[in-house]
Amino acid sequence: MRIFSSPLISAVSLLPCLSFAVSFDCSSIHVDNYNYNLKALGGVHEIYHAEQVGDLIVNTTYVLNLCNTLKGASIRGNLKCGTSKNICGFNYTYGADGATENDFAFPIVGLEPMGQGAKDAEITRLKKEDTEKEGLRVKLSGGGEYPEPGSKKKKKAGAVIEFECDPGRSGLEGLVKEDTKRLLRAREEGLDEGEGDGEGDGNGEDKEPFYDGSDPDRSLQYKSFGKADDETYILSLSWKTRYACDHYTEDRGSSSGHGGFFTWLIVIFFLCAAAYLIFGSWLNYNRYGARGWDLLPHGDTLRDIPYLFQDWLRRVVNTFQGAGSRGGYSAV
(Lines give C-alpha, C1' and ligand atoms only; values in the text may rest on other atoms or scores of the structure.)
Protein backbone atom coordinates (compact mmCIF):
# COMPACT_ATOMS: atom_id res chain seq x y z
CA MET A 1 0.00 0.00 0.00
CA ARG A 2 1.43 3.34 -1.05
CA ILE A 3 1.01 6.44 1.09
CA PHE A 4 0.69 9.69 -0.80
CA SER A 5 1.72 13.00 0.72
CA SER A 6 -0.68 15.86 0.11
CA PRO A 7 -1.35 19.39 1.35
CA LEU A 8 -4.43 18.01 3.12
CA ILE A 9 -2.33 15.60 5.18
CA SER A 10 0.08 18.43 6.06
CA ALA A 11 -2.79 20.64 7.13
CA VAL A 12 -4.29 17.87 9.27
CA SER A 13 -0.94 17.36 10.97
CA LEU A 14 -1.02 21.02 12.06
CA LEU A 15 -4.40 20.80 13.76
CA PRO A 16 -2.97 20.06 17.22
CA CYS A 17 -0.91 23.25 16.97
CA LEU A 18 -4.01 25.24 16.08
CA SER A 19 -5.94 24.00 19.10
CA PHE A 20 -4.19 26.60 21.26
CA ALA A 21 -5.62 29.45 19.20
CA VAL A 22 -9.07 27.84 19.11
CA SER A 23 -9.28 27.18 22.85
CA PHE A 24 -8.32 30.66 24.03
CA ASP A 25 -7.97 33.92 22.15
CA CYS A 26 -7.36 36.80 24.55
CA SER A 27 -8.34 39.39 21.93
CA SER A 28 -11.76 37.88 21.22
CA ILE A 29 -13.62 36.50 24.23
CA HIS A 30 -17.38 35.97 24.03
CA VAL A 31 -19.27 35.03 27.19
CA ASP A 32 -23.03 35.35 27.80
CA ASN A 33 -23.46 37.75 24.86
CA TYR A 34 -20.66 39.99 26.18
CA ASN A 35 -17.42 40.69 24.32
CA TYR A 36 -14.04 41.17 25.99
CA ASN A 37 -10.61 42.00 24.61
CA LEU A 38 -7.63 41.34 26.91
CA LYS A 39 -4.99 41.85 24.25
CA ALA A 40 -3.65 44.93 26.04
CA LEU A 41 -2.59 42.64 28.90
CA GLY A 42 -0.44 40.57 26.57
CA GLY A 43 3.31 40.39 26.79
CA VAL A 44 5.60 38.79 29.33
CA HIS A 45 4.85 39.69 32.96
CA GLU A 46 6.23 38.32 36.17
CA ILE A 47 5.15 38.19 39.77
CA TYR A 48 6.80 36.39 42.63
CA HIS A 49 5.88 35.10 46.06
CA ALA A 50 8.36 34.43 48.85
CA GLU A 51 7.80 32.53 52.08
CA GLN A 52 10.02 31.57 54.98
CA VAL A 53 10.11 27.91 55.97
CA GLY A 54 12.34 27.49 59.00
CA ASP A 55 15.78 28.71 58.05
CA LEU A 56 14.96 28.51 54.34
CA ILE A 57 13.49 31.15 52.08
CA VAL A 58 11.43 29.80 49.17
CA ASN A 59 10.97 32.26 46.34
CA THR A 60 8.77 31.27 43.40
CA THR A 61 8.71 33.59 40.41
CA TYR A 62 5.73 33.17 38.09
CA VAL A 63 6.20 34.30 34.48
CA LEU A 64 3.17 34.54 32.21
CA ASN A 65 2.08 35.64 28.77
CA LEU A 66 -1.62 34.97 28.24
CA CYS A 67 -1.76 36.03 24.60
CA ASN A 68 1.32 34.21 23.34
CA THR A 69 3.97 31.71 24.33
CA LEU A 70 6.82 32.69 26.62
CA LYS A 71 9.56 31.74 24.16
CA GLY A 72 12.90 33.02 25.53
CA ALA A 73 11.32 34.22 28.78
CA SER A 74 10.86 30.57 29.76
CA ILE A 75 14.63 30.20 30.22
CA ARG A 76 16.36 31.63 33.29
CA GLY A 77 19.98 30.69 33.70
CA ASN A 78 20.15 26.91 33.85
CA LEU A 79 16.40 26.58 34.49
CA LYS A 80 14.23 25.81 31.48
CA CYS A 81 10.47 25.59 31.51
CA GLY A 82 9.57 25.22 27.83
CA THR A 83 9.36 27.88 25.13
CA SER A 84 5.84 26.76 24.14
CA LYS A 85 4.40 27.48 27.59
CA ASN A 86 2.24 30.43 28.63
CA ILE A 87 2.73 30.30 32.39
CA CYS A 88 5.82 29.00 34.15
CA GLY A 89 7.10 28.89 37.69
CA PHE A 90 10.71 29.19 38.82
CA ASN A 91 11.36 27.92 42.33
CA TYR A 92 14.42 29.10 44.25
CA THR A 93 15.24 27.91 47.77
CA TYR A 94 17.84 29.86 49.75
CA GLY A 95 19.60 28.61 52.83
CA ALA A 96 20.77 30.62 55.81
CA ASP A 97 24.06 31.33 54.06
CA GLY A 98 22.27 32.73 51.00
CA ALA A 99 23.19 29.79 48.74
CA THR A 100 20.49 28.30 46.55
CA GLU A 101 19.28 24.75 47.11
CA ASN A 102 17.17 22.53 44.85
CA ASP A 103 16.21 25.13 42.24
CA PHE A 104 13.78 23.98 39.55
CA ALA A 105 11.38 25.26 36.90
CA PHE A 106 7.92 23.87 36.23
CA PRO A 107 5.33 24.58 33.50
CA ILE A 108 1.82 25.51 34.59
CA VAL A 109 -0.05 26.15 31.32
CA GLY A 110 0.96 25.77 27.69
CA LEU A 111 1.52 23.51 24.75
CA GLU A 112 3.71 20.43 24.65
CA PRO A 113 7.34 20.81 23.46
CA MET A 114 6.46 19.98 19.84
CA GLY A 115 3.52 22.39 19.81
CA GLN A 116 0.92 19.72 20.43
CA GLY A 117 -1.81 19.58 23.01
CA ALA A 118 -4.33 22.23 23.98
CA LYS A 119 -4.71 24.96 26.54
CA ASP A 120 -8.16 24.07 27.83
CA ALA A 121 -9.90 27.29 28.81
CA GLU A 122 -13.04 27.64 30.91
CA ILE A 123 -14.34 31.21 31.04
CA THR A 124 -17.18 32.43 33.25
CA ARG A 125 -18.47 35.85 34.30
CA LEU A 126 -18.01 36.71 37.97
CA LYS A 127 -21.58 38.01 38.18
CA LYS A 128 -22.85 34.47 37.82
CA GLU A 129 -21.59 33.73 41.32
CA ASP A 130 -21.66 37.19 42.87
CA THR A 131 -23.87 39.97 41.48
CA GLU A 132 -21.65 42.57 43.15
CA LYS A 133 -18.60 41.53 41.11
CA GLU A 134 -17.93 42.32 37.48
CA GLY A 135 -15.29 40.58 35.45
CA LEU A 136 -14.13 37.18 34.22
CA ARG A 137 -12.76 34.01 35.74
CA VAL A 138 -10.44 32.18 33.36
CA LYS A 139 -9.43 28.63 34.21
CA LEU A 140 -6.52 27.31 32.17
CA SER A 141 -5.09 23.83 32.13
CA GLY A 142 -3.03 21.63 29.88
CA GLY A 143 0.70 21.20 29.49
CA GLY A 144 1.48 21.85 33.15
CA GLU A 145 3.43 19.58 35.52
CA TYR A 146 4.51 20.23 39.08
CA PRO A 147 7.11 18.06 40.87
CA GLU A 148 5.36 17.41 44.16
CA PRO A 149 7.68 17.84 47.17
CA GLY A 150 8.70 14.56 48.72
CA SER A 151 7.61 12.59 45.70
CA LYS A 152 9.20 11.62 42.42
CA LYS A 153 5.87 11.87 40.63
CA LYS A 154 4.73 14.98 38.82
CA LYS A 155 1.21 16.29 39.28
CA LYS A 156 -0.85 18.21 36.76
CA ALA A 157 -0.84 21.99 37.05
CA GLY A 158 -3.18 24.76 35.98
CA ALA A 159 -4.11 28.36 36.66
CA VAL A 160 -7.19 30.32 37.66
CA ILE A 161 -7.09 34.06 36.92
CA GLU A 162 -9.87 36.37 38.07
CA PHE A 163 -10.01 39.51 35.92
CA GLU A 164 -11.81 42.07 38.06
CA CYS A 165 -13.41 45.14 36.50
CA ASP A 166 -11.69 48.36 37.58
CA PRO A 167 -12.35 51.31 35.22
CA GLY A 168 -9.41 53.24 36.67
CA ARG A 169 -6.78 50.58 35.94
CA SER A 170 -5.22 49.43 32.70
CA GLY A 171 -3.99 46.27 34.41
CA LEU A 172 -0.31 47.04 33.90
CA GLU A 173 0.19 49.06 37.08
CA GLY A 174 3.09 47.79 39.15
CA LEU A 175 4.14 45.13 36.67
CA VAL A 176 7.87 45.90 36.85
CA LYS A 177 10.85 43.90 37.94
CA GLU A 178 11.61 46.08 40.94
CA ASP A 179 10.12 43.49 43.31
CA THR A 180 12.65 40.89 42.23
CA LYS A 181 15.49 43.41 42.43
CA ARG A 182 14.43 44.40 45.93
CA LEU A 183 14.46 40.82 47.15
CA LEU A 184 17.85 40.10 45.61
CA ARG A 185 19.27 43.33 47.01
CA ALA A 186 17.96 42.49 50.48
CA ARG A 187 19.39 38.99 50.26
CA GLU A 188 22.81 40.30 49.24
CA GLU A 189 22.79 42.59 52.26
CA GLY A 190 21.75 39.74 54.56
CA LEU A 191 18.37 41.28 55.41
CA ASP A 192 16.14 38.29 54.71
CA GLU A 193 17.18 36.21 57.69
CA GLY A 194 14.93 38.04 60.17
CA GLU A 195 11.50 36.84 61.25
CA GLY A 196 9.84 40.09 60.20
CA ASP A 197 9.31 41.66 63.61
CA GLY A 198 11.91 44.36 63.04
CA GLU A 199 13.35 43.83 66.53
CA GLY A 200 16.77 42.54 65.54
CA ASP A 201 18.50 39.17 65.60
CA GLY A 202 19.61 39.10 69.21
CA ASN A 203 22.92 40.79 68.46
CA GLY A 204 21.52 44.30 68.65
CA GLU A 205 21.23 44.66 64.84
CA ASP A 206 17.90 45.78 63.36
CA LYS A 207 16.69 43.93 60.30
CA GLU A 208 14.19 44.75 57.60
CA PRO A 209 10.84 42.91 57.91
CA PHE A 210 10.52 39.87 55.70
CA TYR A 211 9.15 40.84 52.28
CA ASP A 212 6.90 38.23 50.65
CA GLY A 213 6.60 40.03 47.31
CA SER A 214 3.12 41.47 47.82
CA ASP A 215 2.26 44.98 46.65
CA PRO A 216 -1.28 46.34 47.17
CA ASP A 217 -0.81 48.91 44.39
CA ARG A 218 -0.07 46.27 41.77
CA SER A 219 -2.94 45.32 39.44
CA LEU A 220 -1.83 41.69 39.20
CA GLN A 221 -1.94 39.94 42.57
CA TYR A 222 -0.75 36.52 43.70
CA LYS A 223 -3.39 34.66 45.72
CA SER A 224 -2.16 31.11 46.18
CA PHE A 225 -0.50 28.05 44.70
CA GLY A 226 -1.40 24.64 46.01
CA LYS A 227 -3.41 21.48 45.67
CA ALA A 228 -6.88 21.73 44.17
CA ASP A 229 -7.30 17.96 44.44
CA ASP A 230 -5.10 14.91 44.77
CA GLU A 231 -3.90 15.18 41.18
CA THR A 232 -3.73 18.91 40.40
CA TYR A 233 -1.91 22.00 41.62
CA ILE A 234 -3.51 25.38 40.83
CA LEU A 235 -1.97 28.84 40.62
CA SER A 236 -4.54 31.46 41.63
CA LEU A 237 -4.15 35.10 40.54
CA SER A 238 -6.35 38.19 40.53
CA TRP A 239 -5.99 40.93 37.92
CA LYS A 240 -7.74 44.30 38.12
CA THR A 241 -8.26 45.94 34.75
CA ARG A 242 -10.76 48.02 32.81
CA TYR A 243 -10.69 45.46 30.02
CA ALA A 244 -12.70 43.04 32.19
CA CYS A 245 -15.66 45.42 32.43
CA ASP A 246 -18.78 44.13 30.72
CA HIS A 247 -19.44 47.17 28.54
CA TYR A 248 -15.89 48.44 27.94
CA THR A 249 -15.63 46.95 24.44
CA GLU A 250 -19.07 48.28 23.49
CA ASP A 251 -18.25 51.81 24.68
CA ARG A 252 -14.97 51.81 22.78
CA GLY A 253 -16.68 50.43 19.69
CA SER A 254 -19.41 53.10 19.70
CA SER A 255 -16.96 55.99 20.15
CA SER A 256 -14.65 54.75 17.42
CA GLY A 257 -17.63 54.04 15.16
CA HIS A 258 -18.54 57.75 14.86
CA GLY A 259 -15.00 58.66 13.88
CA GLY A 260 -14.93 55.84 11.35
CA PHE A 261 -18.22 56.97 9.79
CA PHE A 262 -17.02 60.53 9.13
CA THR A 263 -13.70 59.25 7.83
CA TRP A 264 -15.43 57.01 5.32
CA LEU A 265 -17.79 59.86 4.36
CA ILE A 266 -14.83 62.11 3.48
CA VAL A 267 -13.10 59.32 1.57
CA ILE A 268 -16.26 58.58 -0.45
CA PHE A 269 -16.69 62.30 -1.24
CA PHE A 270 -13.15 62.63 -2.62
CA LEU A 271 -13.49 59.40 -4.60
CA CYS A 272 -16.71 60.65 -6.19
CA ALA A 273 -15.12 64.02 -6.98
CA ALA A 274 -12.07 62.35 -8.53
CA ALA A 275 -14.27 60.01 -10.60
CA TYR A 276 -16.35 62.97 -11.82
CA LEU A 277 -13.28 64.95 -12.90
CA ILE A 278 -11.59 62.00 -14.59
CA PHE A 279 -14.71 60.87 -16.46
CA GLY A 280 -15.64 64.45 -17.45
CA SER A 281 -12.12 65.17 -18.74
CA TRP A 282 -12.09 61.95 -20.76
CA LEU A 283 -15.49 62.80 -22.24
CA ASN A 284 -14.47 66.34 -23.24
CA TYR A 285 -11.25 65.08 -24.79
CA ASN A 286 -12.91 62.39 -26.90
CA ARG A 287 -16.02 64.35 -27.83
CA TYR A 288 -14.66 67.89 -28.34
CA GLY A 289 -10.89 67.39 -28.53
CA ALA A 290 -10.48 69.76 -25.59
CA ARG A 291 -7.10 70.68 -24.15
CA GLY A 292 -5.86 72.28 -20.93
CA TRP A 293 -8.56 73.86 -18.77
CA ASP A 294 -11.18 72.96 -21.35
CA LEU A 295 -10.71 69.31 -20.41
CA LEU A 296 -12.29 69.84 -17.01
CA PRO A 297 -16.08 69.46 -16.85
CA HIS A 298 -17.71 72.84 -16.27
CA GLY A 299 -14.33 74.42 -16.76
CA ASP A 300 -15.79 77.93 -17.13
CA THR A 301 -17.47 77.61 -13.76
CA LEU A 302 -14.28 76.32 -12.10
CA ARG A 303 -12.30 79.24 -13.53
CA ASP A 304 -14.87 81.68 -12.19
CA ILE A 305 -14.83 80.20 -8.66
CA PRO A 306 -12.19 82.68 -7.30
CA TYR A 307 -14.21 85.65 -8.64
CA LEU A 308 -17.49 84.23 -7.40
CA PHE A 309 -15.95 83.76 -3.97
CA GLN A 310 -14.69 87.36 -3.93
CA ASP A 311 -18.16 88.64 -4.85
CA TRP A 312 -19.76 86.52 -2.13
CA LEU A 313 -17.24 87.71 0.45
CA ARG A 314 -17.82 91.36 -0.55
CA ARG A 315 -21.58 90.95 -0.12
CA VAL A 316 -21.10 89.41 3.31
CA VAL A 317 -18.89 92.32 4.40
CA ASN A 318 -21.36 94.90 3.03
CA THR A 319 -24.21 93.16 4.82
CA PHE A 320 -22.49 93.37 8.20
CA GLN A 321 -21.40 96.97 7.60
CA GLY A 322 -24.90 97.94 6.57
CA ALA A 323 -26.42 96.33 9.66
CA GLY A 324 -24.14 98.36 11.89
CA SER A 325 -24.80 101.75 10.20
CA ARG A 326 -27.26 104.27 11.63
CA GLY A 327 -30.65 104.80 10.10
CA GLY A 328 -31.85 108.16 8.73
CA TYR A 329 -31.74 110.24 5.60
CA SER A 330 -28.79 110.07 3.24
CA ALA A 331 -27.45 113.04 1.33
CA VAL A 332 -28.51 113.33 -2.30
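In what follows, the accompanying structure is described. Here the structure is a predicted model, which is why all the values come from computation and not from measurement. (Residues numbered from 1 in each chain as written. Predicted model: local features only at pLDDT ≥ 70, side-chain atom pairs only at ≥ 80, totals over all residues. Heavy atoms only, no water.)

## Some words on the sheet that holds strand 13 (residues 232-241)
Backbone-to-backbone hydrogen bonds pair the strands of a sheet. The strands run either parallel or antiparallel.
So, step 1. Within the open sheet, the five strands sit side by side as 9-10-11-13-12. Their pairing is mixed. Pairing within the sheet leaves two strands with one partner each, and these edge strands are strand 9 (120-125) and strand 12 (220-227). With direction set aside, neighbouring strand axes in the sheet form an average angle of 20°. (Pairing = 2+ DSSP bridges. Helix = DSSP H or I, 4+ residues; strand = E, 2+ residues; numbered from the N terminus. Axes fitted to C-alpha atoms, helices over the stretch in contact; angles between N-to-C directions.)

## Quick look at the state of the cysteines
So, step 1. The final tally for this structure, using the stated rule, is three disulfides.
So, step 2. The side chain of Cys26 participates in a disulfide bridge whose partner is Cys67; the two sulfur atoms lie 2.0 Å from each other. The sign of the S-S torsion, about 130°, decides the handedness of the disulfide formed by Cys26 and Cys67: right-handed. Note that Cys26 is positioned in the loop between helix 2 (15-23) and strand 1 (29-31) and Cys67 in the loop between strand 4 (56-64) and strand 5 (75-76), a separation of 41 residues in sequence.
So, step 3. Look at Cys67 and you get partly exposed, because its relative accessible area is 24%.
So, step 4. Bridging Cys81 to Cys88, the disulfide has an S-S length of 1.9 Å. Taking the torsion about the S-S bond as the criterion, the Cys81 to Cys88 disulfide, at about -80°, is left-handed. Cys88 matches Cys81 in its accessibility class, with the two residues each being buried.
So, step 5. Sequence-ordered numbering of the bonded cysteines in the chain yields a pairing of 1-2, 3-4, 5-6. (Disulfide = S-S within 2.5 Å. Buried < 20%, exposed > 50% of the residue type's maximum accessible area, 1.4 Å probe, protein only.)

## Focus on the pattern of salt bridges
So, step 1. For the structure shown, the criterion picks out 12 salt bridges.
So, step 2. Linking Arg125 and Asp246 is a salt bridge whose minimum nitrogen-to-oxygen distance equals 2.8 Å. Highlighted residues: Arg125 in strand 9 and Asp246 in the loop between strand 13 and helix 4 (248-288), separated in sequence by 121 residues. You'll find Arg125 and Asp246 in the same group, each marked buried.
So, step 3. With a shortest N-O distance of 3.0 Å, Arg314 and Asp311 are connected by a salt bridge. Here the residue Arg314 and the residue Asp311 both occupy positions in helix 5 (residues 299-324), the gap between them amounting to three residues, near one helical turn.
So, step 4. On the basis of relative accessible area, Arg314 is assigned to the partly exposed category, the value being 46%.
So, step 5. Residue classification places Asp311 among the partly exposed residues on the basis of a relative accessible area of 38%.
So, step 6. Several salt bridges share partner residues, and in doing so they unite Asp32, Arg125, Lys127, Lys128 and Asp246 into one network. (Salt bridge = Lys/Arg side-chain N within 4 Å of Asp/Glu carboxyl O.)

## Overview of the sheet that holds strand 4
So, step 1. Spatially, four strands are ordered 3-4-7-8 in an open sheet, and the strand pairing comes out antiparallel. Each having just a single partner strand, strand 3 (45-53) and strand 8 (100-110) make up the two edges of the open sheet. Adjacent strand axes in the sheet meet at a mean angle of 15° when their direction is disregarded.

## With respect to the layout of surface pockets
To find leftover empty space, a probe the size of one water molecule is rolled over the atoms.
So, step 1. Put simply, the largest pocket is a space of about 340 Å³.
So, step 2. If you trace the largest pocket, you find 20 residues lining it, with Glu51, Val58, Asn91, Tyr146 and Pro149 closest to the centre.
So, step 3. Elements supplying a minimum of two residues to the lining of the largest pocket: strand 3, strand 4, strand 7 (85-94), strand 8, strand 10 (135-147) and strand 12.
So, step 4. Partitioned by chemical class, the residues of the lining of the largest pocket number 11 nonpolar, six polar and three charged.
So, step 5. Estimated volume of the second largest pocket: approximately 240 Å³.
So, step 6. Looking at the lining of the second largest pocket, the elements with two or more residues in it are strand 8, strand 10 and strand 11 (154-165). (1 Å grid on protein atoms, 1.4 Å probe; cavity = no way out; pocket = protein on both sides within 12 Å on 5 of 7 lines; lining within 4 Å. Points joined across faces, edges and corners; volume = space filled by probe spheres on them. Nonpolar A, V, L, I, M, F, W, Y, C, P; charged D, E, K, R; others polar.)

## What about the environment of Val31?
So, step 1. By the secondary structure assignment, Val31 is in strand 1.
So, step 2. A relative accessible area of 9% places Val31 in the buried class.
So, step 3. Taking the C-alpha atoms as reference points, Val31 and Thr124, separated by 93 residues in sequence, lie 6.9 Å from one another.
So, step 4. Beyond its immediate stretch of four places on either side in the chain, Val31 contacts Tyr36, Ile123, Thr124, Arg125 and Leu136. (Contact = heavy atoms within 4.5 Å.)

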